[in-house]
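Tertiary structure, described
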Amino acid sequence: MGKKILLTGFEPFLGEPVNPSQILLENIKRDLTFNDQVHTLLLPVSFAKAPRLVAAAMAMQDYDCVLMLGQAGGRKNICLERVGLNWNETEKPDEDGSTPVRGTISSQAPPALFTTAPVEQWMQILKEHQIPVEISLSAGGYVCNNVYFKTLQVLGSSPETEACFIHVPYLPEQAEGKPDRPPGMELETMLKAVKLILSSILQRS
Ligand code: PCA
């Protein structure tokens, strides 16, 4: 039986017209190479809804990997997130208008959960293709980290599934209008990175 991957991305948030992770998701969804084996799921930027939608998708099907994409404006590289922190810390509301209280996500869980995905190997593959990439030790304190942590928590009971969060920079057109001139990355480069990682997972025996 072929491997199955759940690929998630996010809707735009905090006034941005687009979210590169949504565009990446739509491109993969249209790509016949991945059609059968990669299921896509678009998430709202909501502390309440996003983790539940991922957990519900995981309960419907056994996935070999849950790969989550999100935008991290200001970063310059593709960031392979190693850690989901058991902590919410943000002053920015989500798209439901809700701002979580600063503090632990789950009192019964450890302070951090680590990915079991082979992020060093993925970094190497991307570097071989001259794609700017790094392993990051923080997915932030907002919705992405929250979903990542909760997904790793769900997976605690099924170690045969791996999960990893990948943050991507702004697209050049998002970066352009901003006063602090944050870095941008071409969609083509991001898409190549995601495809290389998907292919690497699907080819693994
Ligand atoms: N990035 C945000 C939430 C949605 C997204 O794409 C984050 O890094 O938390």
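Before going into details, it helps to say that this report is about the structure given with it. Keep in mind that what you see is a predicted model, and the values were worked out from it rather than measured.

A short note on the site of the ligand
- With respect to spatial proximity, the complete set of residues near the ligand consists of Phe-10, Phe-13, Asn-19, Val-45, Gly-70, Gln-71, Tyr-142, Val-143, Cys-144 and His-167.
- A distance of 2.9 Å separates an oxygen atom of the ligand from a polar side-chain atom of Asn-19.
- Between the ligand and Val-143 there is a distance of 3.4 Å, counted from an oxygen atom to a backbone nitrogen or oxygen.
- Relative to its unbound accessible area of 260 Å², the ligand is 94% covered by the protein chains.
- Structurally, the ligand is housed in the largest pocket.
- Only β3 (65–71) and α4 (143–155) provide two or more residues apiece to the shell around the ligand.
- In terms of residue class, the shell around the ligand is made up of 6 nonpolar, 4 polar and no charged.

What about the nonpolar core?
- Of all hydrophobic cores here, the largest spans 62 residues; its most connected members are Phe-10, Leu-67, Ile-78, Leu-80, Trp-122 and Leu-198.
- Per element, the largest residue contribution to this core is 9 residues, and it comes from helix α6 (residues 187–203).
- For Leu-67, the residues in contact, after removing those within four places along its chain, are Ile-5, Leu-6, Leu-7, Thr-8, Trp-122, Cys-164, Ile-166, Ile-197, Leu-198 and Ile-201.

Definitions and cut-offs
Residues numbered from 1 in each chain as written. Predicted model: local features only at pLDDT ≥ 70, side-chain atom pairs only at ≥ 80, totals over all residues. Heavy atoms only, no water. Near = heavy atom within 4 Å. Polar contact = N/O pair within 3.5 Å; in protein donor to acceptor, adjacent residues only side chain to side chain. Areas by Shrake-Rupley, 256 points an atom, 1.4 Å probe, with all protein chains shown as cover. 1 Å grid on protein atoms, 1.4 Å probe; cavity = no way out; pocket = protein on both sides within 12 Å on 5 of 7 lines; lining within 4 Å. Sits in = over half its atoms within 2 Å of the grid points. Helix = DSSP H or I, 4+ residues; strand = E, 2+ residues; numbered from the N terminus. Nonpolar A, V, L, I, M, F, W, Y, C, P; charged D, E, K, R; others polar. Core = buried A, V, L, I, M, F, W, Y, C linked by side-chain atoms within 4.5 Å. Buried < 20%, exposed > 50% of the residue type's maximum accessible area, 1.4 Å probe, protein only. Contact = heavy atoms within 4.5 Å.

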